[in-house]
Amino acid sequence: QVQLVESGGGLVQAGDSLRLSCAASGRTFSTYTMGWFRQAPGKEREFVAAISWSAGSTYYADSVKGRFTISRDNAKSTVYLQMNSLKPEDTAFYYCAAQRGMPTTVWRTIAQRSDEYGYWGQGTQVTVSS
């Protein structure tokens, strides 16, 4: 099992940057695909970014591509989401998620699906003012 704790959210202005962190417990962090999802009020949870266990593969939602970067430090059992050029529409509660055993052949298809993840953090609020 793995427990996830997000941090780094806050209130920023449009164009600013934030870096979210997600610290994981457990000794097997390096074997998990890690994902970031977000949920705005009144909307469904949506995929933001994912990174494979080895960091060899990353995948982004079109809405954040070129602005957000996902990375991981397996030695620190932490995954990061660097968010640049933030927009008001990025305002949401951000969650990190973890799952082992995603097949590499269909990794991109599976990694963007929230129902494929078995472990979730409590989330951190990101608010971007215009």
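Residues numbered from 1 in each chain as written. Predicted model: local features only at pLDDT ≥ 70, side-chain atom pairs only at ≥ 80, totals over all residues. Heavy atoms only, no water.

### Brief notes about the sheet that holds strand E3 (residues 18-24)
Next up, step 1: Pairing in this open sheet of four strands is antiparallel, and the strands run E1-E3-E8-E7 from one edge to the other. With partners counted over all chains shown, the strands left at the sheet margins are strand E1 (4-7) and strand E7 (68-73), one partner each. Each strand of the sheet is rotated relative to its neighbour by a mean of 15°, with strand direction disregarded.
Next up, step 2: Bridge count between E1 and E3: four bridges; the pairing is antiparallel. By the bridge assignment for E3, serine 7 is matched with serine 21. (Pairing = 2+ DSSP bridges. Helix = DSSP H or I, 4+ residues; strand = E, 2+ residues; numbered from the N terminus. Axes fitted to C-alpha atoms, helices over the stretch in contact; angles between N-to-C directions.)

### Considerations on the pattern of salt bridges
Next up, step 1: Scanning the model with the defined rule gives five salt bridges in all.
Next up, step 2: Note that arginine 67 and aspartate 90 form a salt bridge whose closest N and O atoms lie 2.7 Å from each other. Of this pair, arginine 67 sits in the loop between strand E6 (58-60) and E7 while aspartate 90 sits in the loop between strand E8 (78-83) and strand E9 (92-100), placing them 23 residues apart in sequence. Aspartate 90 matches arginine 67 in its accessibility class, with the two residues each being buried.
Next up, step 3: In this structure, the salt-bridge partner of arginine 113 is aspartate 115, at a minimum N-O distance of 3.0 Å. (Salt bridge = Lys/Arg side-chain N within 4 Å of Asp/Glu carboxyl O. Buried < 20%, exposed > 50% of the residue type's maximum accessible area, 1.4 Å probe, protein only.)

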